[in-house]
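An overview of the molecular structure
Each chain, letter by letter, is given below.
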Amino acid sequence: MLHLIEQLYGPFFSAANWGNVVTSANDWLIILSLAIIECLLSVDNAVVLAAQTQSLDNLQEREKSLFYGLWGAYVFRFLIIGIWTYLISFWEIKVLGAAYLGYLVYRYFSQPKAGETVEKKPKKQRRFFGLSKFWSVVLQIEMMDIIFSIDSVLASLAISDNPVIVLIGGMIGIACMRGIAEVIMRLMRKIPELETMAYCLIVLIAIKLFISIPAIGWDIPATAFGGIVLAAFAVTLAIHFWRRRRNRGQQLEERMRK
């Protein structure tokens with residue numbers, strides 16, 4: 001057991017390995033490429049994270065959950081890179097991840113929206129293992145980190161077989177991805193329609209995860225998904241401004257009548 005752990009994680013604790021990476025211009029070029037790949041492959045992750053934080057009560061808690069999620073992602077990324085040789089056989093994780101995302105979408109659209117009349121019942125907050133709402137959200141973020149890290153780790157290791165290079169590139173990419181998530185989270189506060197858009201994209205993400213299992217072998221390229229996200233964002237903005245203009249027109253008509 002100890003031999004296996006040393007074999008998997010030994011390169012991370014090699015001072016010579018770190019020294020070679022830090023002093024090599026070519027390795028830093030690879031690290032930059034891996035960070036860009038991490039950002040491209042994590043667009044869907046950023047959408048999911050931003051949507052999950054919306055269940056928290058205030059902006060401070062949402063940002064704090066992303067902060068804890070960031071450090072948790074670093075720890076899990078370290079562990080996952082160490083066992084990367086086993087990840088390619090974990091197609092079950094993608095199936096479970098797709099099912100979990102589908103559940104998130106079902107839960108969102110099955111909840112009563114503003115203006116709907118429903119029978120008032122004591123509101124029950126969903127908890128994981130008896131945790132508070134905040135830590136339940138943090139746990140969900142970590143679960144998504146584990147699921148989405150599979151594709152990015154395997155893609156990175158296809159470029160470089162040095163786990164230290166992959167780890168540095170992944171950490172830079174994760175930090176950039178969290179920045180994207182925070183931007184999306186702030187926009188959701190100003191444009192409520194973005195939350196619905198996010199869950200519509202999560203449906204596509206769940207399909208993307210499921211069809212990428214070896215039994216099917218299909219995939220939606222990261223660049224194509226990025227284009228879909230941009231198109232969905234543009235359509236959502238158009239709907240938001242159209243609704244705002246319509247509401248202003250209705251309010252103006254009501255004032256004129258009075």
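Residues numbered from 1 in each chain as written. Predicted model: local features only at pLDDT ≥ 70, side-chain atom pairs only at ≥ 80, totals over all residues. Heavy atoms only, no water.

Re the overall build of the protein chain
So the rule is basically this: The helix and strand labels rest on DSSP assignments: H or I over at least four residues marks a helix, E over at least two residues marks a strand, and numbering proceeds from the N terminus. The classification of residues rests on relative accessible area computed with a 1.4 Å probe and restricted to protein chains. Under 20% of the type maximum is buried, over 50% is exposed, and intermediate values are partly exposed. Here a residue-residue contact requires only that any non-hydrogen atoms of the pair lie within 4.5 Å. Only the protein chains shown count as cover for residues, and the accessible areas themselves come from Shrake-Rupley with a 1.4 Å probe.
Looking only at helices and strands, the protein chain features eleven helices and zero strands. For the protein chain, the sequential pattern of α-helices and β-strands runs α-α-α-α-α-α-α-α-α-α-α. With 258 residues in all, the protein chain has 41% of them scored as buried. Of all intrachain contacts in the protein chain linking residues separated by at least 6 positions in sequence, the fraction that spans at least 24 positions is 83%. Split by element, the accessible area of the protein chain, about 15100 Å² in all, is 65% carbon and sulfur.

Some details on the nonpolar core
Inclusion rule: Think of a nonpolar core as a cluster: buried Ala, Val, Leu, Ile, Met, Phe, Trp, Tyr and Cys residues, connected wherever their side-chain atoms sit within 4.5 Å.
In terms of nonpolar packing, the biggest core is built from 34 residues, with L101, M144, Y199 and I202 touching the most fellow members. Of all the elements in the fold, those that place two or more residues in this core are α4 (43-52), α7 (91-110), α8 (133-157), α10 (193-211) and α11 (222-257). The biggest single contributor to this core is α10, with ten residues. With 13 residues, the next largest nonpolar core counts Y9, V21, I81 and L167 among its residues.

Concerning helix α5 (residues 59-82)
This is how the line gets drawn: Multiplying 1.5 Å by the helix residue count minus one yields the expected span of that helix. Counting of polar contacts relies on pairs of N or O atoms within 3.5 Å, with two restrictions inside protein: one atom must be capable of donating a hydrogen and the other of accepting it, and residues adjacent in sequence are counted only when both atoms are side-chain atoms.
Taking 1.5 Å of rise per residue, 24 residues should cover 34 Å, and α5 covers 35 Å from first to last C-alpha, within 8% of that figure. Every buried residue belonging to α5 is among R62, S65, L66, G69, L70, G72, A73, Y74, R77, I80, I81 and G82, and all of these are buried. The N-cap of α5, judged by a side-chain oxygen 3.2 Å from the amide nitrogen of Q60 a few residues on, is N58.

Remarks on the side chain of H240
Tracing the backbone shows H240 in helix α11. Dropping the residues within four chain positions of it, H240 is found in contact with K190, I191, P192 and E193.

Looking at the packing of aromatic side chains
Threshold: Planes of paired rings set the category: under 30 degrees apart is stacked, over 60 is edge-to-face and the rest tilted, where pairs are Phe, Tyr or Trp rings (Trp by its six-membered ring) whose centres lie within 6.5 Å.
Within the structure shown, the criterion is met by five aromatic pairs. On the basis of an interplanar angle of 75 degrees and a centroid distance of 6.4 Å, the ring pair of F67 and W71 is categorised as edge-to-face. Note that F67 and W71 are positioned in helix α5 at a spacing of four residues, about one turn of the helix. Classification of W71 by relative accessible area gives partly exposed; the value is 49%. With a centroid separation of 5.1 Å and an interplanar angle of 50 degrees, the aromatic rings of Y68 and W135 are classed as tilted. Placement of the pair is Y68 in helix α5 and W135 in helix α8, with a sequence separation of 67 residues.

Worth remembering: the numbers are spatial, not functional.
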